[in-house]
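Here is what each chain is made of, one letter per residue.
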Amino acid sequence: MIELKDVTKVYYKGTPKEVKAVDGISLEIAKGEMVVLKGPSGSGKTTLLTLIGCLSRPTRGRVLVAGKDTSRLQEPFLTFHRRMHVGFVFQQYHLIPDISVYENILLPLYPLDMTSQEMEERVEDALRKLRIKGKEAYRAKDLSGGEQQRVAIARALVTDPEIILADEPTANLDTHLSRDFLKIMDGLKEEGKTIVIASHDPLVYEHKGVDRVIEMRDGRLVGCS
Amino acid sequence: MSKERHKHILSFSITSLLRRKGKNLSIFLIYTLMVFLLGSVVFFVSAIKREAATTLKGAPDIVVQQIRAGRHDLIPTEYMEKVRTIRGVTKVIPRVWGYYFDGPTQSNYTIIGMDGESYEAFRDRIPFLSPEEAPIGNGKVLIGKGIARSRGLKRGGHFYLLRSDGGLKTFEVSGIFSGRSSLLTHDLIVMSEKDVRELFLIPARYSIDLAVYVRNKEEIETIARKIGEVLPGTRAVIKEQITKSYETVFGWRSGLVFTALLGTVLAFAILSWDKATGLSADERKEIGILKALGWRIEDILEMKFWEGLTISLTAFLAGIILAYIHIFFFGSYLVAPAIKGWSVLYPPFNLNPYMDAGEVFMVFFITVVPYTVATLIPVWRSSTIDPDEVIRGI
Ligand SMILES: Nc1ncnc2c1ncn2[C@@H]1O[C@H](COP(=O)(O)OP(=O)(O)OP(=O)(O)O)[C@@H](O)[C@H]1O
Ligand SMILES: [Mg+2]
């Protein structure tokens, strides 16, 4: 499902601030797998996720997602790819704070040319799945951290993507909510989704539904279990 | 199928607009103000131009004046025979007219004497009066709206004017000019030639000037020169000169107007530029998020386009309507002093309501179009960067 070949991502290339956030990583993730990227802050987890999620392009190397070499794709195709295959849960959720929960979840559906009715059904589905029914009229910024996170997941799921990427999903959650989150991930895995989670939370990487833990340090892979 | 997307994006744009109420409201207000100013100037100038065109339309090709001691003096009416013999001249009309200063109302009336042919020509040219024919002669006169208002006169009313020898002469209002050509007729009194002569004590065989009409407009200058030859001591003023001197004055004024216009456009450019460069961090981040969620660049541009267009169209409409009301119903209070001189030349009056599609389009073109484009530039720039970087705020 996902294949990285000698991928390098350099920020501020050619300036004194140059950072090699990801440094020559090769990696394969199969369909239906649940993988955790683990590593200290600054090790490049988020960067790797954005590469997989086509939110950015590698400086060197190739990224293949769902059989397509996304590193070679033109911008419109990259966007298409993102729209069709990937659901991304950001580290800081990145909800739009002053529109409603409902509308936040609706956002990824706008470019899909669905009828209003279809869109409604999808959102209702996601709301139910993440148990945020009753909160849909709230503005996103009026929710608690845990609720915001569930909205972020609902938003990532609403397009029914094959790949789900989650960045530090439990960072702001207590143990109880973290378990909730993992339960949701388990459910998605059962549906056959490919899941990649970046986290240095033991609760996550020791979770039994996780197939593989990949450890990163300074942009490189240092271990796999 | 593909219509759905546009519908959704449009509705999201409206939500977005309402979300940033404060910011959008202030943009709307500034925008409206600018369109209002711009529209006022444009409407005012073109209304004045239109009025002036009416004034000049029926003017004679050549006006012959008697000059004595360097000044305009009465001209012997018999001179018209000499002019008439010049080849190419179709018509010569001796005119009797004058200015009358009315002390109590501190205003200047223009008084024109007309009979038969000249009256008919005048009537064809100027849309005036209520439907019925308004006869003149024997003290019956037509008056302009301004005079009617300042003296409280209605049809059938009577009033006096002072004769040049100090005696009083009575007149009866036979009709009042309608507003359609207010610049020309506002302070005008039209009476029979005989009445003008009595009022101003113009001797029977003299006129104020001779109005000459020419068959071929190209011959005007030649004919004017010939008039000078056959009638030494007179001056032949040709229409072009009248128009030209009028245009110099007008050109100079419209230069001022143009400067004002330029100022507004400049201010507008600044607003647009500010808007163009001033995407807030929030807005940028939002664009990044939308992109990350799979929105195409076109989708985002479309959304911002609707936003920009909604603001600019509503502000445009508001500004134009306000400008229209201001110019045509509130006497152009705000721009008239800026284009001073008109109010010196002419008494205050309401211009005739009129809207020219071309002008409205011009205002539209220098406001809505650049603004909408300006809003799209930064959006386009942000939306072409990888969403990852936009979100991180780089
Ligand atoms: N868009 C960017 N522009 C410049 N530098 C970046 C960018 N993204 C990441 N970096 C840098 O790349 C390195 C790796 O960052 P990254 O966010 O991938 O690490 P991380 O493992 O996710 O860390 P954390 O656990 O703190 O989230 C860091 O030094 C970071 O400053
Ligand atoms: Mg990170």
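One structure accompanies this document, and this report is about it. Predicted model, so just to flag it, every value in this text is computed and none were measured.

**Some thoughts on the overall build of chain A**
Line of reasoning, step 1. Each helix and strand counted, chain A has 7 helices and 10 strands in total.
Line of reasoning, step 2. Taken over C-alpha atoms, the radius of gyration comes to 17 Å for chain A, in line with the 17 Å a tight globule of 225 residues would show.
Line of reasoning, step 3. C-alpha extents for chain A along the principal axes are approximately 50 × 40 × 35 Å.
Line of reasoning, step 4. With 225 residues in all, chain A has 57% of them scored as buried.
Line of reasoning, step 5. Long-range pairs, those at least 24 residues apart, make up 67% of the contacts in chain A between residues at least 6 apart in sequence.
Line of reasoning, step 6. Here chain A has roughly 9600 Å² of accessible surface; of this, 48% comes from carbon and sulfur atoms.
Line of reasoning, step 7. Distance between charge centres in chain A, computed from 33 positive and 33 negative side chains, equals 4 Å.

**Overview of the sheet that holds strand β2 (residues 19-29) of chain A**
Residues and elements named next belong to chain A.
Line of reasoning, step 1. With respect to topology, 4 strands assemble into an open sheet ordered β2-β1-β4-β5, the strand pairing being antiparallel. If you trace the sheet from one side to the other, it starts and ends with β2 and β5 (68-69), each paired once.
Line of reasoning, step 2. Sheet topology note: the strand β1 (residues 2-11)/β2 ladder contains 7 bridges and is antiparallel. Looking at the pairing, Tyr 11 lines up with Val 19 of β2.
Line of reasoning, step 3. Its contacts with the sheet put helix α1 (residues 45-52) on β1, β2 and β4 (60-65), and the angle it makes with β1 is roughly 125°.

**With respect to a nonpolar patch on the surface**
Line of reasoning, step 1. Side chains of Leu317(B), Ile321(B), Ile325(B), Phe329(B) and Phe330(B) sit close together on the surface and give an oily, nonpolar patch of about 490 Å² of accessible area.
Line of reasoning, step 2. If you trace the backbone, Ile321(B) turns up in helix α11 (residues 297-329).

**Quick word on the packing of helix α5 (residues 145-157) of chain A against helix α6 (residues 175-190) of chain A**
Residues and elements named next belong to chain A.
Line of reasoning, step 1. The contact between α5 and α6 brings their axes to 11 Å, and the two run at 10°. By the angle between their axes, α5 is roughly parallel relative to α6. In this structure, α5 contributes Gly 146, Gln 149, Ile 153 and Leu 157 to the contact, and α6 contributes Leu 177, Phe 181, Met 185 and Leu 188.

**Some words on the interface of chain A and chain B**
Accessible area lost upon the coming together of the parts serves often as the stated size of an interface.
Line of reasoning, step 1. In this complex, chain A contributes 29 residues to the contact, which on the side of chain B involves 31 residues.
Line of reasoning, step 2. Among the residues chain A hides against chain B, the three largest losses belong to His94(A), Tyr110(A) and Asp113(A). Together they make up 24% of the total.
Line of reasoning, step 3. One can count 3 salt bridges joining chain A with chain B.
Line of reasoning, step 4. For Asp113(A), the salt bridge identified is with Arg5(B), shortest N-O distance 3.5 Å.
Line of reasoning, step 5. Those elements that place two or more of their residues in the side of chain A that touches chain B are α1, α2 (75-85) and α4 (116-129) of chain A.
Line of reasoning, step 6. It is α2(A) that contributes the most residues to the side of chain A that touches chain B, 4 residues altogether.

**Focus: unusual backbone geometry**
Line of reasoning, step 1. Non-glycine residue Tyr93(A) carries a positive phi angle of around 65°.
Line of reasoning, step 2. Counting through the fold element by element, Tyr93(A) comes out in the loop between β6 (86-89) and α3 (101-106).

**Examining the nonpolar core**
Line of reasoning, step 1. Within the largest apolar cluster, 54 residues are counted, with the highest numbers of intra-cluster contacts made by Ile105(A), Leu107(A), Met185(A), Ile197(A) and Trp295(B).
Line of reasoning, step 2. Looking at this core, the element that brings in the most residues is α5(A), giving 6 residues.
Line of reasoning, step 3. Beyond its immediate sequence surroundings of up to four residues, Trp295(B) is in contact with Thr79(A), Leu107(A), Tyr110(A), Pro111(A), Ile9(B), Phe12(B), Leu290(B), Ile300(B) and Met303(B).
Line of reasoning, step 4. Membership of the second largest hydrophobic core comes to 27 residues, among which are Ile29(A), Leu51(A), Val65(A) and Val86(A).

**A word on the coordination of the magnesium ion (ligand 2)**
Line of reasoning, step 1. Donor atoms from the polypeptide that bind the magnesium ion (ligand 2) are Thr46(A) (OG1) and Gln91(A) (OE1), placed at 1.9 to 2.7 Å. With a gap of 45 residues between them, Thr46(A) in helix α1 and Gln91(A) in the loop between β6 and α3 connect regions that are remote in the sequence.

**Regarding the packing of aromatic side chains**
How two aromatic rings sit relative to each other is set out by the distance from centre to centre and by the angle between their planes.
Line of reasoning, step 1. Counting across every chain of the model gives 15 aromatic pairs over all chains.
Line of reasoning, step 2. Each ring, one from Phe43(B) and one from Tyr324(B), has its centre 6.0 Å from the other, and the planes form 85°; the classification is edge-to-face. Residue Phe43(B) is found in helix α2 (residues 21-57), and its partner Tyr324(B) is found in helix α11; the two are separated by 281 residues along the sequence.
Line of reasoning, step 3. A relative accessible area of 2% places Phe43(B) in the buried class.
Line of reasoning, step 4. Ring-pair connections join several aromatic residues into one group, and the members of that group are Phe316(B), Phe361(B), Phe364(B) and Phe365(B).
Line of reasoning, step 5. The positively charged end of Lys38(A) is found above the aromatic ring belonging to Tyr205(A), 4.1 Å away from the centroid.

**Regarding helix α8 (residues 220-230) of chain B**
Residues and elements named next belong to chain B.
Line of reasoning, step 1. Those residues of α8 not exposed but buried are Ile 220, Ile 223, Ala 224 and Ile 227. One side of α8 holds all its buried residues, which, seen down the axis, span an arc of 105°. Exposed and facing more than 90 degrees away from the buried side of α8 are Glu 221, Arg 225 and Glu 229.
Line of reasoning, step 2. The inward-facing, buried residues of α8 contact β1 (62-68), α3 (79-84), β4 (89-102), β11 (209-214) and β12 (234-238).

**A closer look at the pattern of salt bridges**
Line of reasoning, step 1. Tallying each qualifying case throughout the model produces 38 salt bridges over all chains.
Line of reasoning, step 2. The salt bridge partner of Glu75(A) is Lys291(B), with a shortest N-O separation of 2.8 Å. Residue Glu75(A) is located in helix α2, and its partner Lys291(B) is located in helix α10 (residues 281-292); the two belong to separate chains. The two residues Glu75(A) and Lys291(B) agree in class, both being buried.
Line of reasoning, step 3. Put simply, Arg95(B) and Asp209(B) hold a salt bridge, and the shortest N to O gap is 2.9 Å. Of this pair, Arg95(B) sits in strand β4 while Asp209(B) sits in strand β11, and the two are 114 residues apart along the sequence.
Line of reasoning, step 4. By relative accessible area, which is 26% here, Arg95(B) ends up partly exposed.

**Section: the pairing of strand β7 (residues 158-162) of chain B**
Looking along a regular strand, one sees side chains alternate from face to face of the sheet.
Line of reasoning, step 1. The two faces of β7(B) differ: Phe159(B) and Leu161(B) on one face are buried, but His158(B), Tyr160(B) and Leu162(B) on the other face are not.
Line of reasoning, step 2. Once β7(B) ends, the chain turns through 5 residues before running back antiparallel as strand β8 (residues 168-176) of chain B, passing Gly166(B) with a positive phi of about 95°.

Criteria and cut-off values
Residues numbered from 1 in each chain as written. Chains lettered and ligands numbered in written order. Predicted model: local features only at pLDDT ≥ 70, side-chain atom pairs only at ≥ 80, totals over all residues. Heavy atoms only, no water. Helix = DSSP H or I, 4+ residues; strand = E, 2+ residues; numbered from the N terminus. Rg over C-alpha atoms; globule rule 2.2 N^0.38 Å. Buried < 20%, exposed > 50% of the residue type's maximum accessible area, 1.4 Å probe, protein only. Contact = heavy atoms within 4.5 Å. Areas by Shrake-Rupley, 256 points an atom, 1.4 Å probe, with all protein chains shown as cover. Lys, Arg positive; Asp, Glu negative; His and termini not counted. Charge placed at Lys NZ, Arg CZ, Asp CG, Glu CD. Pairing = 2+ DSSP bridges. Axes fitted to C-alpha atoms, helices over the stretch in contact; angles between N-to-C directions. Patch = residues over 30% accessible without salt bridge, like charges linked within 9 Å, V, L, I, M, F, W, Y side chains within 5 Å. Salt bridge = Lys/Arg side-chain N within 4 Å of Asp/Glu carboxyl O. Parallel < 35°, antiparallel > 145°, perpendicular 65-115°, else oblique. Buried area = accessible area lost by both parts, 1.4 Å probe. Core = buried A, V, L, I, M, F, W, Y, C linked by side-chain atoms within 4.5 Å. Donors = N, O, S within 2.8 Å, 3.2 Å for Na, K, Ca; no water. Phe/Tyr/Trp six-rings, centres within 6.5 Å; stacked < 30°, edge-to-face > 60°. Lys NZ or Arg CZ within 6 Å of the ring centre and 35° of its normal. Arc of directions from axis to C-beta.

By themselves, these observations are geometric and do not establish any function.
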